[in-house]
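Each chain, letter by letter, is given below.
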Amino acid sequence: MKKAWLIMIAGLVATGCSSSSQPECIYNCTPTYPNNGNNNHGGGINTGNMTNEQAIKALMAYLATQAKKQWGDDEFLQAGKHRYVKYFDGYRTRAHIDFDSGKIYVSTVAQYAPEATLKKAIEETLLMPADPSQVDLFSDKSIPLNGKPFLLGQVKDHDNQDIQWPWRAGRFADYLIENKLRTKPLKRGTAYYVEIDMVSDHLEQREYQYADLIKHASRQYGISEDLIYAVVKTESSFNPFAVSHAGAYGLMQVIPKTAGADVFKLVKNKPGIPTKDYLFDPANNIDTGTAYLHILQNRYLRDVRNPTTKHYSMISAYNSGTGGMLSTFDSDRQRAMDKLNQLQPNQAYWALTNKHPKLEARRYLEKVLNFQKEFQSL
């Protein structure tokens, strides 16, 4: 596939982020949650009676509390849409993959045998399975090393070889610790870390992993492949472990109680809403996200007459909901639809990228369309 341009961001401190520079971090200390034996996630927190959004916030808050005990507020880092963060070893050790900058940081604040601790974390990170259900982001549990590694092809060792087997991961870990180990003084001790560069086409390597799933969803729901690719790139940078505080999961950042519920009801004829584990499965996630685009195009926005205007509206509504998109034009939905149909496509685009009530939604439409043009040229 064509080499996609990478979104380069300012360098992060390898072992963490400051609360002032990372908006996705949780800044305030929160109480720990007891283990009552039910629905155990994130070290024993019970989410059984919570809504999805409450559950994800509770899990993130619990993880934040545990990790901050080891790292402190300033060095705390949490998973997000374009960022994988996994803690190990009593939250003293963590792996951080920045999918936008193509960097992997493996760090530990363990003061006893830090090199051995770091080596184990490097190996688990390099060999973690492509199946997100095997990785518990909300606890410090170890990762079972089985199946095809998620990072296979995205990282090369010091001999420029792919890392697929434990012996090669261990050998590379030894090399990194011997030649690339760095330290950073913290308020609570010393952080030991290594930085690993991903290959230049790491984004395309992840795209390849989901090509068949995207092709199948495109044919099933009548949504163009380039649009699906563009939405996935915008939402997660092809990070299947993506999470958000809004309770969105996976590659297309599907929220169970909104898009997920609509797809279950209107497309799948299923009761209830999809679970977190269901949406962390890449096949289910791409299927659900694409089915929701189909609902937007053929049901909620069926009255938008101009095909180009409908395309813009559908993309905007994927981010902010149909009501949020229509509120750009009028608080009354019918009047909003009438006004939208009176506009030329370029006028509708201008309104959605300049007058939408949410700043994120204004930028979202522009990003998706730019990425879609890239994928159309493949």
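Described in the following lines is the structure provided in the data block. (Residues numbered from 1 in each chain as written. Predicted model: local features only at pLDDT ≥ 70, side-chain atom pairs only at ≥ 80, totals over all residues. Heavy atoms only, no water.)

Notes on the overall build of the chain
Stage number 1. On a plain count of helices and strands, the chain comes out with 13 helices and seven strands.
Stage number 2. With 378 residues in all, the chain has 53% of them scored as buried.
Stage number 3. Restricting to contacts in the chain with at least 6 residues of sequence separation, those with at least 24 account for 61%.
Stage number 4. Accessible area for the chain stands at about 16700 Å²; split by element, carbon and sulfur atoms hold 48% of it. (Helix = DSSP H or I, 4+ residues; strand = E, 2+ residues; numbered from the N terminus. Buried < 20%, exposed > 50% of the residue type's maximum accessible area, 1.4 Å probe, protein only. Contact = heavy atoms within 4.5 Å. Areas by Shrake-Rupley, 256 points an atom, 1.4 Å probe, with all protein chains shown as cover.)

So, helix α4 (residues 202–209)
Stage number 1. Among the residues of α4, H202, L203, E204, R206 and E207 are the ones counted as buried.
Stage number 2. Considering only its buried residues, α4 is in contact with α5 (211–221), α6 (225–236) and α13 (359–376).

Remarks on the packing of aromatic side chains
Each aromatic ring pair is described using two quantities: the centre-to-centre distance and the angle formed by the ring planes.
Stage number 1. A complete count under the given rule lists eleven aromatic pairs for this structure.
Stage number 2. When the ring of Y249 is compared with that of F280, the centres are 5.4 Å apart and the planes differ by 65°; the resulting orientation is edge-to-face. Of this pair, Y249 sits in the loop between α6 and α7 (256–268) while F280 sits in helix α8 (residues 276–280), and the two are 31 residues apart along the sequence. Both residues of the pair, Y249 and F280, count as buried.
Stage number 3. Put simply, the rings of Y84, F99, F150 and F241 pair up and form one aromatic cluster.
Stage number 4. Taking the ring centre of F88 as reference, the NZ or CZ of K86 above it sits at 5.2 Å.
Stage number 5. One residue, K270, lies across the ring of F264, its end atom 5.1 Å from the ring centre. (Phe/Tyr/Trp six-rings, centres within 6.5 Å; stacked < 30°, edge-to-face > 60°. Lys NZ or Arg CZ within 6 Å of the ring centre and 35° of its normal.)

Some details on the pattern of salt bridges
Stage number 1. Going through the model one piece at a time under the given rule, you end up with 18 salt bridges.
Stage number 2. Between K119 and D174 there is a salt bridge; the shortest N-O distance is 3.1 Å. Taken as a pair, K119 in helix α2 (residues 114–127) and D174 in helix α3 (residues 166–179) lie far apart in primary sequence, 55 residues in all.
Stage number 3. Under the relative-accessibility criterion, D174 is labelled partly exposed at 38%.
Stage number 4. Note that D287 and K268 form a salt bridge whose closest N and O atoms lie 2.8 Å from each other. With D287 in helix α9 (residues 282–300) and K268 in helix α7, this pair connects stretches of sequence that are 19 residues apart.
Stage number 5. Exposure remark for D287: the relative accessible area of 12% places this residue in the buried category. (Salt bridge = Lys/Arg side-chain N within 4 Å of Asp/Glu carboxyl O.)

Regarding unusual backbone geometry
Stage number 1. The backbone of Y91 shows a phi angle near 70°, a positive value even though the residue is not glycine.
Stage number 2. Considering the arrangement of structural elements, one finds Y91 in the loop between β3 (83–88) and β4 (93–98).
Stage number 3. Of note in the backbone geometry, N269 takes a positive phi value of approximately 55° without being a glycine.
Stage number 4. Among the residues examined, N269 registers a relative accessible area of 66% and is labelled exposed.

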